[in-house]
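Spelled out, the chains give:
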There are 2 protein chains.
Amino acid sequence: MSHPYVPRDLNLVDYAPNLLSQSTILAAYGLASLFVVSLIRVISGKVPKISKTDRWLMCWWAFTGLTHIILEGYFAFSPEFYKDKSGFYLAEVWKEYSKGDSRYAARDAGVVAVEGITAVLEGPASLLSVYAIATGKSYSYILQFAISLGQLYGTAVYFMTSYLEGDNFAASPYYYNLYYIGANASWVVIPSLIAIRCWKKICAAPQLQGQKKNKVR
Amino acid sequence: MSHPYVPRDLNLVDYAPNLLSQSTILAAYGLASLFVVSLIRVISGKVPKISKTDRWLMCWWAFTGLTHIILEGYFAFSPEFYKDKSGFYLAEVWKEYSKGDSRYAARDAGVVAVEGITAVLEGPASLLSVYAIATGKSYSYILQFAISLGQLYGTAVYFMTSYLEGDNFAASPYYYNLYYIGANASWVVIPSLIAIRCWKKICAAPQLQGQKKNKVR
């Protein structure tokens, strides 16, 4: 059975084609994400004195954290997802996404390393951010900053390695734009905004501004 | 001309062997580093009310910043360093280091991506840290935290991709331990310590501790 991926000479023994349609796969992710965001919107409304921005940030961290843990976590530890014949949703997701970037099916080391770090470290840390914002923890900004920077670093490595290897991993311009560019754009724009916001909040803290005065060690 | 690198089937057309000896290459880097550290030790002594830790941190950021910009910057933009016949020091460094990790000579995309980010972003940011510490800027901790996290992420990708690809890039256990492990160990231990210190300092800032009380947006 031949596969739909590019480069065409990619060798994927026992590849099994998608059983779910593209619209089913995307709709399931969209609806599940909408459910998570709506749920956190409602729950965050019960947090006393919480700002609008922080309520949206709680939604983002829940959404991105679950995406990292469930979707990317499955990929990181499932080298043979492309052989799945059962129609298992997470395998279907990555078979479909590989049309935009075949390095996923090909198990490219750079992609696996970045996804592994994202799933194992940034995923749980994102969920911790939901809790940290809700409870006003002092580490809330630095935690959000750290995860956002990790997401940006990962995305940078992801795009740069593809570019350096010839940027020829998409089955068509359609999949290139929708999956490779489109699906990753949020993880460039939103972490950048959050990192800038956290940087400003942290720099505005009075003790850090006056740090020269109370240095002891 | 055959090359000294592993895997042995790595194809390096026009490879030119090292002209400088290992001890010359290492001594030059060691002495240059010692000069930079000594210089910053002396200069930092003139900064009023500076702590011992901050003086050492200024030395570290100057050392690591110049390493990123000069050594790693040269590598990132010199795909054909292994062909150099002139004995140019920076080409000699990477020909020698490639004995510990041939992915440098082979122009592995993951290595080039990480080194590019390190040289272009983390290098100048490290030198900015020297200035930020000396002048007690409010962004000093968050800047040091950001760079340290970047160094740790880069080192994680560096080691993980090698592991995933079979960890067979060193010419011998001697080069593996000295270059691949030894030369990178500082960039695991020191950024970890700095990141933890900055995290604690930032969390200890009173405005961030009481952030729940003054949220507006």
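Check the entry above for the structure.
Since we're looking at a predicted model, the values are computed, not measured.

Chemist: Is there a simple way to think about the packing of helix α4 (residues 109–134) of chain B against helix α5 (residues 140–164) of chain B in this case?
Modeler: How two helices pack is summed up by the angle between their axes together with the distance between the axes. All names here are of chain B. Two elements in contact, α4 and α5, have axes separated by 9 Å at closest approach and are oriented at 160 degrees. What the angle tells us is that α4 and α5 run roughly antiparallel. In the packing of α4 onto α5, the handedness of the crossing is left-handed. Here Val111, Val114, Glu122, Ala125, Ser126, Leu128, Ser129, Ala132 and Ile133 of α4 lie close against α5, whose contacting residues are Ser140, Leu143, Gln144, Ile147, Gly150, Gln151, Gly154, Val157 and Tyr158. Class assignment of the residues belonging to the contact of α4 with α5 gives a composition of 10 nonpolar, 7 polar and 1 charged.

Chemist: Would you explain helix α6 (residues 173–203) of chain A in this entry?
Modeler: Count 3.6 residues to each turn of an α-helix, and residues three or four apart come out pointing the same way. Residue and element names in this part refer to chain A. Spanning 31 residues, α6 covers 43 Å between terminal C-alpha atoms, matching the ideal 45 Å at 1.5 Å per step. Where α6 bends most, the angle comes to about 30 degrees, and this point is Ala185. Those residues of α6 not exposed but buried are Tyr175, Tyr179, Tyr180, Asn184, Trp187, Pro191, Ile194, Ala195, Arg197, Cys198, Ile202 and Cys203.

Chemist: What is the right way to read the relation of the copies chain B and chain A from this model?
Modeler: Between the two copies of the chain lies a rotation about an axis combined with a shift along it. Least-squares fitting of chain B to chain A yields an RMSD of 0.0 Å, with the transformation described by 0.0 Å of translation along the axis and a rotation of 180 degrees. A rotation of that kind, with that shift, is consistent with a two-fold axis. Looking at the interface residues of chain B, 100% of them are also at the interface in chain A, so both copies use one shared face.

Chemist: Hey, could you run me through the side chain of Asn184(B) in this one?
Modeler: Residues and elements named next belong to chain B. Position of Asn184 among the secondary structure elements: in helix α6 (residues 173–203). Under the relative-accessibility criterion, Asn184 is labelled buried at 14%. Setting aside chain neighbours within four positions, we find Asn184 in contact with Tyr97, Tyr158, Phe159 and Tyr179.

Chemist: So what exactly am I meant to see when it comes to the interface of chain B and chain A here?
Modeler: How big an interface is tends to be stated in terms of the accessible area lost upon association of its parts. Counting residues at the interface gives 52 residues for chain B and 52 residues for chain A. Both sides of the chain B and chain A interface together cover about 4400 Å² of buried area, and 69% of this is carbon and sulfur. Where chain B meets chain A, there are 0 residue pairs in polar contact (both at pLDDT 80 or more). Going through the elements one at a time, α2 (52–76), α4, α5, α6 and α7 (206–209) of chain B are the ones with two or more residues in the side of chain B that touches chain A. Looking at the side of chain B that touches chain A residue by residue, the classes come out as 28 nonpolar, 14 polar and 10 charged.

Chemist: What exactly am I supposed to notice about the packing of α2(B) against α6(B) here?
Modeler: Residue and element names in this part refer to chain B. Running from amino to carboxyl end, α2 crosses α6 at an angle of 135 degrees, the nearest separation of the two axes being 12 Å. Overall, the two elements α2 and α6 adopt an arrangement that is oblique. For the pair α2 and α6, the sense of crossing is left-handed. In contact with Thr53, Asp54, Leu57, Trp60, Trp61, Phe63, Thr64, Thr67 and His68 of α2, α6 contributes Ser186, Trp187, Ile190, Pro191, Ile194 and Arg197. For the contact of α2 with α6, the residue count by class is 8 nonpolar, 5 polar and 2 charged.

Rules behind the numbers
Residues numbered from 1 in each chain as written. Chains lettered and ligands numbered in written order. Predicted model: local features only at pLDDT ≥ 70, side-chain atom pairs only at ≥ 80, totals over all residues. Heavy atoms only, no water. Axes fitted to C-alpha atoms, helices over the stretch in contact; angles between N-to-C directions. Helix = DSSP H or I, 4+ residues; strand = E, 2+ residues; numbered from the N terminus. Parallel < 35°, antiparallel > 145°, perpendicular 65-115°, else oblique. Left-handed = near helix turned anticlockwise from the far one by under 90°. Contact = heavy atoms within 4.5 Å. Nonpolar A, V, L, I, M, F, W, Y, C, P; charged D, E, K, R; others polar. Expected span 1.5 Å × (residues − 1). Bend = angle between axes of the 7 residues up to and from the residue. Buried < 20%, exposed > 50% of the residue type's maximum accessible area, 1.4 Å probe, protein only. Least-squares fit on C-alpha atoms with pLDDT ≥ 70 in both. Buried area = accessible area lost by both parts, 1.4 Å probe. Polar contact = N/O pair within 3.5 Å; in protein donor to acceptor, adjacent residues only side chain to side chain.

Any link to function would need more than the numbers given here.
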